[in-house]
Structure formats: structure tokens, C-alpha cells
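Below are the chains, spelled out letter by letter.
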Amino acid sequence: MPIAAQIAREARRPPGATLMPLAFATILGGMTTLIGTPANLILSSVREDELGAPFGFFSMTLVGGSVAAVGLGYLAVLGWRLLPVRGAAERSGKPPWRVYELRVDRATSMMLIGSVKSSLRSASARVLAIFRNNEGVALGPETTLAAGGHLLVLSRQNQWVTAEKAGLSTTETQTAKPGFATARVVVAHGSFLIGLGHDAIRNRSRGQLAVVAVGPNTAREKAPLSQLCINAGDQLYLRGQAADLASFIPKARLLEVDRLDRAPIPRRGAIVTGAIFASAIAAIVVGHAPPALAF
């Protein structure tokens with residue numbers, strides 16, 4: 001999914017242009033081999049109990065492959081034309097909206113909110129609320145900023161770019177170490193993070209990951225991010241080492257939608273991974289190893 005979303009953005013297409021065909025292609029591909037879907041393995045075990053022999057790895061390939069080829073042909077010729085297009089923002093392939101906080105330091109204190117709004121507009125960002133000591137401040141024309149306060153901002157750019165353009169500071173330090181990335185995830189039902197604050201991710205990951213922004217739905221709350229609880233369906237932007245993201249996201253029942261500031265893929269690791277996968281299939285087909293054991 002992150003790769004498909006990235007391809008859509010680079011092609012200036014809506015994410016649905018790749019994600020929805022990906023979903024159908026996954027269903028079609030699941031019919032072609034024994035390991036395509038869990039259902040195939042279950043039916044194979046039932047066949048072994050009833051007839052004494054399971055399905056072979058490619059037993060269903062002739063029929064399933066033919067159906068998959070027809071289905072993929074339909075997607076390529078006609079199906080993609082029926083995909084819904086939701087709004088000009090998606091058609092333009094722009095980065096997704098995100099909400100985060102910027103800090104007011106001494107250099108920007110006592111500035112009028114109107115001046116700050118103008119500088120943020122030039123950085124393609126919008127002020128949603130101002131907080132002092134975690135209490136909201138009315139956004140009047142004569143409102144001034146106070147050192148230590150926070151601005152809740154909505155933007156398509158990350159907070160470090162926005163802060164630099166607007167002359168403000170960030171609440172999260174941008175780590176420039178190799179391998180760091182930002183993952184946009186959705187909280188799935190059943191996640192142990194539901195009901196907890198955003199700091200729970202830093203604590204549960206032993207300080208390796210941090211929530212640097214949240215999805216645009218949080219803009220309606222207009223509350224400090226530190227006071228918000230995580231709910232099912234929330235979008236979170238997690239930043240950390242790529243390996244830590246890959247380890248934490250499935251454990252926390254998070255669905256990764258996109259990967260921003262992606263780390264380069266190590267060529268040797270990719271080759272080794274492909275070789276191991278091919279060896280497992282060969283062990284099943286040639287060596288008649290049980291799929292559970294081989295994989």
C-alpha cells in the first residue's frame with residue numbers, strides 16, 4: 001500500500017487509482033496458488049483429511065490463473081475508468097493534509113496574530129488555534145503571541161518546512177540520521193493504543209518513535225495534541241528509524257498508508273529476501289515440504 005500510494009502521488013493521480021486496483025488484483029492473485037489466501041490452505045487440509053492428499057502448490061493455477069488474467073485485463077482496459085475521483089486535491093497528487101503544533105519562542109513573542117497568519121499563508125499553512133498553558137486563546141485581530149505558547153497548524157508540508165518559512169519553532173526535533181522516515185498510519189480496531197494519549201507511542205516504542213502530526217479530522221477538535229486520545233480510524237504520522245516503524249506498526253494494529261521521507265532500500269537485503277522466498281516455493285513444489293514449514 002505505501003508503494004502504491006507513492007506511485008499514485010508521483011504520477012499525480014488520486015491514491016484510489018492504485019489502491020483500489022491493488023485490492024482487486026490481490027483477490028485475483030489469491031486464486032492462482034496454494035498460498036494465495038488462507039482459504040486455499042484450509043481447503044487443502046480438508047482435502048487431505050477426506051481424500052488422503054492435499055492440493056499441490058500449482059493445482060489451481062490453470063483455472064485461477066485464467067480467471068486472474070481476465071480480471072486483470074478488465075482492470076487495465078475498463079475497470080480503471082470507473083474509479084471514483086474525489087476532489088481536485090486528489091487529482092493533483094498533492095501531499096496529504098496534516099495537523100501539528102508550532103512553538104512560540106522569544107523571537108516571535110508579542111507579534112500580532114495577523115502577521116503570523118500572513119507568514120503561515122505564504123508557507124501554505126493555516127492557524128487553527130492558539131494555546132497558552134494548554135488553554136485556548138481567542139483569535140482576535142489584536143491577539144499577540146506569548147513565549148511558550150503553541151499554534152495548532154493545518155498544512156500539507158511537514159512542520160520543519162513550515163516553521164522555517166514562518167520563522168517559528170517546532171515542538172518535535174527533526175532527526176537527520178540516515179534511515180529515519182515518517183509513516184502515515186491509520187489506527188485499526190483492536191489496537192492497544194485506543195484510549196491512550198499520543199505519548200503512549202513514544203513510551204511503548206521505548207523512545208524510538210514519536211507522533212509528529214495527526215490527520216486533518218483532528219482539526220475539528222481544536223485542542224492541544226497532548227490532550228487528545230487515540231481513537232480507531234485516527235490518522236497518525238509516526239517518525240523514527242525505518243526498522244522501528246516496521247516492527248511497531250503491525251504490533252500496534254496500525255495500517256500503514258504512506259511512507260514519507262522514505263529510506264533507500266538496501267539492494268543486498270532485497271536480493272536475499274527474494275532468494276529466500278523463491279527457495280521456500282521450490283521446497284514446496286520440488287521437495288514436497290509442507291507450506292507452513294517451508295515459509
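A few points on the structure. Quantities reported herein were computed from a predicted structural model and do not represent experimental measurements. (Residues numbered from 1 in each chain as written. Predicted model: local features only at pLDDT ≥ 70, side-chain atom pairs only at ≥ 80, totals over all residues. Heavy atoms only, no water.)

Looking now at the environment of N158. Note on placement: N158 falls in the loop between β4 (150-155) and α7 (159-166). With a relative accessible area of 15%, N158 lands in the buried category. Considering only alpha carbons, one finds N158 and T182, 24 residues apart in sequence, at a separation of 9.8 Å. Sequence-distant contacts of N158, defined by excluding residues within four places in its chain, comprise R98 and Y100. (Helix = DSSP H or I, 4+ residues; strand = E, 2+ residues; numbered from the N terminus. Buried < 20%, exposed > 50% of the residue type's maximum accessible area, 1.4 Å probe, protein only. Contact = heavy atoms within 4.5 Å.)

Ranked by internal contacts, the top residues of the largest apolar core, which has 28 residues, are L193, I201, L236, L238 and L254. When contributions to this core are tallied by element, the ones reaching two or more residues are β2 (125-132), β4, β6 (180-187), α8 (199-204), β7 (210-214), β8 (235-241) and α9 (242-251). The leading source of residues in this core is β6, at four residues. If we ignore the near neighbours within four places in the chain, the residues touching L193 are A200, I201, I230, F248, A252 and L254. Formed by 18 residues, the second largest nonpolar core is a distinct cluster that contains L102, I130, L168 and V212. (Core = buried A, V, L, I, M, F, W, Y, C linked by side-chain atoms within 4.5 Å.)

Those residues of helix α1 (residues 2-10) not exposed but buried are A4, A5, Q6, A8 and R9. Looking one or two places after α1, you find R12, whose phi comes out positive at around 55°.

Right, let's get into the packing of aromatic side chains. Following the criterion strictly, the structure yields three aromatic pairs and no others. Their ring planes at 90° and their centres at 6.4 Å tell us that F192 and F248 sit as a pair that is edge-to-face. Of the two residues, F192 is situated in the loop between β6 and α8 and F248 in helix α9; the sequence distance between them amounts to 56 residues. The class of F192 is partly exposed, set by a relative accessible area of 35%. (Phe/Tyr/Trp six-rings, centres within 6.5 Å; stacked < 30°, edge-to-face > 60°.)

It is worth stressing that arrangement in space is one thing and function is another; only the former is reported here.
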